[in-house]
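Coordinate analysis (summary)
Residue-level listing of the chains:
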Amino acid sequence: MSFIVVIPARAASTRLPDKPLLDIGGKPMVVRTAEQASLSGASRVVVATDDLRIQLAVQQNGFEALLTRADHATGTDRLAEVAGLLGLEPDAIVVNVQGDEPLIDPALIDQVAQLLAAQPDAAIATCATPILDAGAFFNPNVVKVVCTSARRALYFSRAPVPWARDALADGARLLAPGIPALHHIGLYAYRVAFLVRFSSIPPGPLETYESLEQLRALENGYSIVVHVTGAHPAQGVDTAEDLARVRQKFINRL
C-alpha cells in the first residue's frame, strides 16, 4: 500500500507567531515533523505552506515543500490544492500530519493510512485514544469522538460526551467507570477524490458551532473510520509551555 504525507504549515498563529519556524534542537519545528513523518511508510513527504520562509527552511533541510495559496480557510483545503499540484490519482491516499507535531509516532501515521486502505467505503480515517481522567473529559480543548461498535464516528465534540447521566446527575465532574470516552487525535487519511469534493462543500452549523472541520464530513453523510490506540500520542505544540516541553525532550535525546 502506497500513501503520501502532506504537512500543512502556516506562519500565522495567535499564540506562537511563526510557529513552524521555531527552533527545536537546532532545526525548525516543521522540519522535525517532516523527519518523523519520513520514518513512516510514506512514499513521499511534502510540506505545504503559504510562506516562502517556511518553504526555503524545509528545502534547506532536504525535504520537499510546495508554496500554496494564502487564502485557504482550512488545512484540508490546502491538501486539496497540493493533490492537484502533484497530479495525484483520485484513489491515492494522503495523510494529513499537522506541522506542530514534531514528536508524532511514525507507526500511527502508517496505521491510519492502512485503515483507510482497508475500508473502501470510508471517506476519512483518523484516530483516538481512551480518556483516562476527568480533567481531559471536561476540557473543551480535548476533542471527543463517539463511535459505533464498528469504530465509525458518530460525532465529534468539545463537550464531555458520551454524557453519563446518572454518574453526573448531581453536578459531579468525574469520569464514570467504564465509559467509552475517546480523545480524538487530529491525524487524518483521505483519498484524493474525497479531498477534492470536501473542499467544495460549505461548512455546516455543526462545524461552525463546534469549530471542528471533521463534522463537515458527518453532516454530509460521509463515513469516518477511527483507529483506537492504547498509547497516548505525544502532545503537539500549541503554547509556549508545550514548546519548552518539546525542546527539553530533544535535549534529553542528545
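Check the entry above for the structure.
These lines cover the structure that appears in this document, whether it is placed above or below.

Rules used throughout
- Residues numbered from 1 in each chain as written.
- Predicted model: local features only at pLDDT ≥ 70, side-chain atom pairs only at ≥ 80, totals over all residues.
- Heavy atoms only, no water.
- Helix = DSSP H or I, 4+ residues; strand = E, 2+ residues; numbered from the N terminus.
- Buried < 20%, exposed > 50% of the residue type's maximum accessible area, 1.4 Å probe, protein only.
- Pairing = 2+ DSSP bridges.
- Core = buried A, V, L, I, M, F, W, Y, C linked by side-chain atoms within 4.5 Å.
- Contact = heavy atoms within 4.5 Å.
- Phe/Tyr/Trp six-rings, centres within 6.5 Å; stacked < 30°, edge-to-face > 60°.
- Lys NZ or Arg CZ within 6 Å of the ring centre and 35° of its normal.

Okay, unusual backbone geometry next. Omega for the peptide link from Val 161 to Pro 162 comes to -5°, which places this bond in the cis form. With respect to the helices and strands, the residue Pro 162 is situated in the loop between strand 9 (153–157) and strand 10 (182–191). Residues other than glycine seldom take positive phi values, yet Asp 18 does so here, at roughly 55°. Mapping Asp 18 onto the fold places it in the loop between strand 1 (3–9) and strand 2 (23–24). According to the relative accessible area criterion, Asp 18 is partly exposed, its value standing at 30%. The phi angle at Ser 211 is positive, at roughly 55°, despite the residue not being glycine. For Ser 211, the location among the structural elements is in the loop between helix 7 (205–210) and helix 8 (215–219). For Ser 211, a relative accessible area of 52% corresponds to the exposed category.

Counting buried residues in strand 10 gives 9 out of 10 residues, a clear majority hidden from the surface. Across 4 bridges, the pairing between strand 6 (residues 93–96) and strand 10 is antiparallel. Looking at the pairing, Ile 93 lines up with Arg 191 of strand 10. Relative to strand 10, strand 7 (residues 124–130) runs antiparallel, the two sharing 6 bridges. Counted as the bridge partner of Cys 127 is Ile 185 from strand 10.

The tendency in soluble globular proteins is for nonpolar side chains to be buried side by side. With 33 residues, the main nonpolar core has Val 5, Ile 7, Val 95, Ile 109 and Leu 187 as its most contacted residues. Mapped by element, the contributors of at least two residues to this core are strand 1, helix 1 (29–38), strand 4 (44–49), helix 2 (52–60), strand 6, helix 4 (106–118), strand 7 and strand 10. Among the elements that take part in this core, helix 4 stands out by supplying 6 residues, more than any other. Beyond its immediate chain neighbours, meaning those up to four positions away, Ile 109 contacts Phe 3, Val 5, Ala 37, Ser 40, Val 95, Val 97, Ile 104 and Leu 187.

Moving on to the packing of aromatic side chains. Any two aromatic rings considered together are summarised by their centre-to-centre distance and by the angle between their planes. Evaluated as defined, the whole model comprises 6 aromatic pairs. Here the aromatic rings of Tyr 188 and Tyr 190 are separated by 6.0 Å at their centres, their planes lie at 25°, and the arrangement is stacked. Here Tyr 190 falls in the buried class, since its relative accessible area comes to 3%. With a centroid separation of 4.9 Å and 70° between ring planes, the pair formed by Phe 194 and Tyr 222 is classed as edge-to-face. Taken together, the residues Phe 194 in helix 6 (residues 192–198) and Tyr 222 in the loop between helix 8 and strand 11 (224–228) connect sequence positions 28 residues apart. Ring-pair connections join several aromatic residues into one group, and the members of that group are Tyr 188, Tyr 190, Phe 194, Phe 198 and Tyr 222. The side chain of Arg 216 reaches across the aromatic face of Phe 198, ending 4.7 Å from its centre.

Looking now at the environment of Val 30. As for its position among the elements, Val 30 is in helix 1. It is 33 Å that separates the C-alpha atoms of Val 30 and Gly 221, two residues lying 191 residues apart in sequence. Apart from the residues within four sequence positions on either side, Val 30 is in contact with Ile 7, Ala 9, Pro 20, Val 47, Ile 54, Val 58 and Gly 99.

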